[in-house]
Amino acid sequence: MIQIKINGENILVEDGTPLIKAAEAAGFKVPSLCYNDELGHFTSCMLCLVKDGENGRLFPSCSVPATEGMSIITDDQEIREARLTGLELLLSEHVGDCQAPCQVTCPAHMDIPQMNRLIAAGKFKEALRVVKKDIALPSVLGRICPAPCEGACHRGTVDSSVSICLLKRFVGDENDLHPFDALPLNGKKVAIIGAGPAGLAAAFYIQLNGYQTVLYDKELAPGGLLRTNIDPEVLPVAVLDRDISAILSTGVLFIGDTAIDKSLFQQISTQFDAVVIATGAIVDELRDWGFLTHAKGIDAERNSYETSMKGVFAIGNTLRFSRMSVRPIGQGKEVAWSVKQYLSGEEPRGEPRLFNSRFGRLFQDEISEYLKESVLSGKVISNDIISKGYTQEEAMLEAKRCLHCDCRDIENCKLRDLSGKYNANQRRYAGNVRKLMTKHFAHSIVYEPLKCIKCGICVRLTSKYQEKYGFSYIGRGFDVQIGVPFNETLEAGLAETAEKVAQACPTGALTVKD
Ligand code: SF4
Ligand code: SF4
Ligand code: SF4
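Asks: How would you sum up the site of ligand 2? Please name residues and give values.
Replies: Among the 15 residues in the neighbourhood of ligand 2, the closest are listed as Ala100, Cys102, Cys153, Cys402 and Cys405. Within the residue set of the shell around ligand 2, elements represented by two or more residues are α3 (101–105) and α4 (112–120). Among the elements that make up the shell around ligand 2, the one with the highest residue count is α4 (three residues). Tallied by class, residues from the shell around ligand 2 come to 11 nonpolar, three polar and one charged.

Asks: So, the pairing of strand β6 (residues 189–193): which residues are in play, and what are the values?
Replies: In terms of burial, β6 is a largely internal element, four of the five residues being buried. A crossover connection joins β6 to the parallel strand β7 (residues 212–216) through helix α10 (residues 197–208); in handedness this β-α-β unit is right-handed. Here four bridges tie β6 to strand β9 (residues 274–277), and the two strands are oriented parallel to one another. Residue pairing across strands places Ile192 opposite Val276, the latter belonging to β9.

Asks: Report on the pairing of strand β3 (residues 49–52), specifying residues and quantitative values.
Replies: Inspection of the sheet shows β3 paired to strand β4 (residues 58–60) by three bridges, in the antiparallel sense. Bridging from a neighbouring strand, Leu49 pairs with Pro60 of β4. Linking β3 to β4, which pair antiparallel, is a turn of five residues; within it Gly56 sits at a positive phi near 75°. Note: β3 against strand β5 (residues 71–73), two bridges, orientation antiparallel. Within β5, the position partnered with Lys51 by the bridge is Ile73.

Asks: Hey, could you go over the sheet that holds strand β2 (residues 9–13) for me, with residue numbers and the actual values?
Replies: Ordered by their spatial adjacency, five strands build an open sheet running β2-β1-β5-β3-β4, and the pairing between neighbours is mixed. Sheet topology places β2 and β4 at the edges, where each strand pairs with a single neighbour. When strand polarity is set aside, the average angle formed by the axes of neighbouring strands in this sheet is 40°. The sheet strands contacting helix α2 (residues 77–92) are β3 and β4, and the helix crosses β3 at an angle near 150°.

Asks: Hey, could you go over the packing of α4 against helix α5 (residues 124–132) for me, with residue numbers and the actual values?
Replies: Taken N-terminus to C-terminus, the directions of α4 and α5 make an angle of 170°; their axes are 8 Å apart at the nearest point. In terms of their interaxial angle, α4 and α5 are classed as roughly antiparallel. Contacts between α4 and α5 involve Gln114, Met115, Leu118 and Ile119 on the former and, on the latter, Phe124, Glu126, Ala127, Val130 and Val131. Considering only residue class, the contact of α4 with α5 consists of seven nonpolar, one polar and one charged.

Asks: Pulling in residues and values, what's your account of the nonpolar core?
Replies: Nonpolar side chains tend to gather and get buried jointly when the protein is soluble and globular. Of all hydrophobic cores here, the largest spans 91 residues; its most connected members are Met115, Ile192, Ala202, Val276, Ile315 and Val339. Ranked by residues supplied to this core, first place goes to α10 with nine residues. Split by domain, this core shows at least three residues from each of two domains, domain 2 (101–177 + 362–399) and domain 3 (189–343). Residues in contact with Ile315, not counting those within four places in the same chain, are Ala198, Ala202, Val276, Ala278, Tyr305, Pro328, Gln331, Gly332 and Val335. Judged by nonpolar contacts, the second largest core, of 53 residues, contains Leu33, Leu47, Tyr447 and Cys505.

Asks: Give me the packing of α10 against helix α15 (residues 326–343): which residues, what numbers.
Replies: Two elements in contact, α10 and α15, have axes whose closest approach is 7 Å; the angle formed by their N-to-C orientations is 40°. Regarding the angle of α10 to α15, the classification is oblique. When the axes of α10 and α15 are compared, the crossing they make is right-handed. Of α15, the residues touching α10 (which contributes Pro197, Ala198, Leu200, Ala201, Ala202, Tyr205 and Ile206) are Pro328, Ile329, Gln331, Gly332, Lys333, Val335, Ala336 and Val339. Of the residues assigned to the contact of α10 with α15, the class counts are 12 nonpolar, two polar and one charged.

Asks: I'd like to hear about the domain arrangement of the chain, residue by residue, with values.
Replies: As far as domains go, the chain holds domain 1 (2–75), domain 2 (101–177 + 362–399), domain 3 (189–343) and domain 4 (431–512). Relative placement of domain 1 and domain 3: their C-alpha centres are 50 Å apart.

Definitions and cut-offs
- Residues numbered from 1 in each chain as written.
- Chains lettered and ligands numbered in written order.
- Predicted model: local features only at pLDDT ≥ 70, side-chain atom pairs only at ≥ 80, totals over all residues.
- Near = placed C-beta within 6 Å.
- Helix = DSSP H or I, 4+ residues; strand = E, 2+ residues; numbered from the N terminus.
- Nonpolar A, V, L, I, M, F, W, Y, C, P; charged D, E, K, R; others polar.
- Buried ≥ 20, exposed ≤ 12 C-beta atoms within 10 Å, placed from the backbone.
- Right-handed = clockwise from strand over helix to strand, strands pointing away.
- Pairing = 2+ DSSP bridges.
- Axes fitted to C-alpha atoms, helices over the stretch in contact; angles between N-to-C directions.
- Contact = placed C-beta atoms within 7 Å.
- Parallel < 35°, antiparallel > 145°, perpendicular 65-115°, else oblique.
- Core = buried A, V, L, I, M, F, W, Y, C linked by C-beta atoms within 7 Å.
- Domains from an automatic or database assignment.
- Left-handed = near helix turned anticlockwise from the far one by under 90°.

As structure tokens, this is what we get:
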């Protein structure tokens, strides 16, 4: 064993251990995309840069072995900036959507492609679980949302967008609306003032987290503007009541006919562990209650929704008027994160915002690539759709039109993970012209070359496992690509190792299909 110093700590390691592994064993995780435990170092991504503690020089920790007396620093401002530059260079030629454009555009960020896949497979209950993770009132929104997601839908480039809103309505109408059990009560109580769409959504997600939630409203029945301002032909009262009853069935207590004034608010603030204001735009009153306000509403932190009073949060039209109910409903979900963080003793930060690679609109030449996972049929329309919604068969047909624009590797992609951690900007070094996306299918895997960062793991693995053709570097300089040599097919290139290689790929370039 030898002794080295990492971030000022004396560490004993085997002589010759790669510094990246020595640091990891000592609890200092150094990022890397091209290092692979089975294959060792390749020194291509340069994200594992560390600093020589003696002379301040940066060097890759994957390829330098530990030697007696060495001192290294694994994290400081200069190292972070160098890693960030490396990441942004990789992202500059990376073409892929992490989340599908519909999901990014939806103010509640509902996982639309996943809903579509489940509907297409006839798994309607599972589809409802996906919808209700983000949208507390699916049957209501399925009737009144102006569907900004459909404006961003890539299918619009092919013929017309997928009818996302009608599919959501179908899922809400089709199922028993109680897909989640709330966690057991943990003894803490949260008051929500205002039982409109924002307050109802907040109540649902906060109650699911195990907090006893009490929802106050000046009206006898919950629903706010949904009950009073929408034509019942568009939103029948029975539909509204059904969505609301699913929310209340989680254990939320509703106290109606109770107008909250300053003194009742002060009483509530002392009786509850946290408060969410979802009253709508009553700016003068809220100022009188002691909140900082601006011309359009209450002042609150952008991500956490915390107001100038600690433990008091504000959402919906209380912040700023919006005609789209999906926005306050989305905020109701997000504020539940902040309330949970606050009540767990953490700084409220709101819902974690993850990195999203985006490539913009689909080019005509890319349509055929995307249709490989879809069907050619046009939008499903029938005379009854607006009054009755989709039948099961119609919904399945429509859902099959989805192009599945999200990345299969979204949960495991190291590039996405690190880009989020380092707050990378994909556009910093990007050129004006982007290459065309292609998708290749073989065995049980999918290969999308423009998501490849040329880490070489697939090349080395196919060589190690003696694939007849394997993967190789093809071309030179900036145009180098990873692919199967000798113009052989992907099928032939990955005859033995397809799944192994897909699992080792650090991005969504090579993924297992299902
Ligand atoms: S490969 Fe990673 S970064 Fe690229 S689109 Fe997929 S999840 Fe996002
Ligand atoms: S085709 Fe499907 S995944 Fe793609 S944007 Fe439209 S609904 Fe979303
Ligand atoms: S396809 Fe191969 S070279 Fe490209 S990112 Fe995946 S493992 Fe690395």
